[in-house]
Amino acid sequence: MILYYSAWAIEKIFSYTGDGINGLLGTMNRNQSIRFIQPRHEEMAAFMACGHARFTGEVGVYMATSGAGAIHPHNGCMMRG
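Residues numbered from 1 in each chain as written. Predicted model: local features only at pLDDT ≥ 70, side-chain atom pairs only at ≥ 80, totals over all residues. Heavy atoms only, no water.

Peer 1: Would you mind going over the overall build of the protein chain in detail, with residue names and values included?
Peer 2: For the protein chain, the count of helices and strands is five helices and three strands. Reading the helices (α) and strands (β) of the protein chain from amino to carboxyl end gives α-β-α-β-α-β-α-α. Taking 12 Å as the expected radius of gyration for a compact globule of 81 residues, we find that the protein chain reaches 12 Å, a close match to that expectation. Taken across its 81 residues, the protein chain has 31% of its residues classed as buried. (Helix = DSSP H or I, 4+ residues; strand = E, 2+ residues; numbered from the N terminus. Rg over C-alpha atoms; globule rule 2.2 N^0.38 Å. Buried < 20%, exposed > 50% of the residue type's maximum accessible area, 1.4 Å probe, protein only.)

If you want it as structure tokens, here you go:
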């Protein structure tokens, strides 16, 4: 998946760490072509990705882990402007 993100010119991913995505985070750390930005809460990752997309015109990407971490970003997905 990280190779696809690189091919699509994704430079930043917003996410909060968790067991469900540790493998992807390890791959991102080895690849280092994508910057990982960690907020203090999963919901904020979605808000940050939306804001990034709106203000830069680039694609905003966030990743969520499993469990409750997968539910929290939904509010950020519903952000309208």
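Peer 1: Break down unusual backbone geometry for me, with residues and values.
Peer 2: The phi angle at Ala9 is positive, at roughly 65°, despite the residue not being glycine. Locating Ala9 in the fold gives a position in the loop between helix H1 (2-7) and strand S1 (12-15).

Peer 1: Provide a residue-level description of the nonpolar core, including the pertinent values.
Peer 2: Judged by nonpolar contacts, Ile2, Tyr5, Ile10, Ile13, Ile21, Leu25, Met28, Ile34, Val61 and Met63 together constitute the single largest core of ten residues. Secondary structure elements with two or more residues in this core: H1 and helix H2 (22-31). Each residue touching Met63, except ones within four places of it in the same chain, is listed here: Ile13, Phe14, Ser15, Tyr16, Ile21, Leu24, Leu25 and Met28. (Core = buried A, V, L, I, M, F, W, Y, C linked by side-chain atoms within 4.5 Å. Contact = heavy atoms within 4.5 Å.)

Peer 1: Run through the sheet that holds strand S2 (residues 35-37), naming residues and quoting values.
Peer 2: One open sheet accounts for three strands, arranged S2-S1-S3; its pairing is parallel. Pairing within the sheet leaves two strands with one partner each, and these edge strands are S2 and strand S3 (62-63). (Pairing = 2+ DSSP bridges.)

Peer 1: Tell me about the pairing of S1, and name the residues and values.
Peer 2: Along any regular strand the residues' side chains alternate between the sheet's two faces. In this structure, S1 lies alongside S2, joined through three bridges in parallel fashion. When the bridges of S2 are listed, Lys12 appears paired with Arg35. Where S1 meets S3, two bridges bridge the pair, whose relative direction is parallel. Among the inter-strand pairings, Ser15 is bridged to a residue of S3, identified as Met63.

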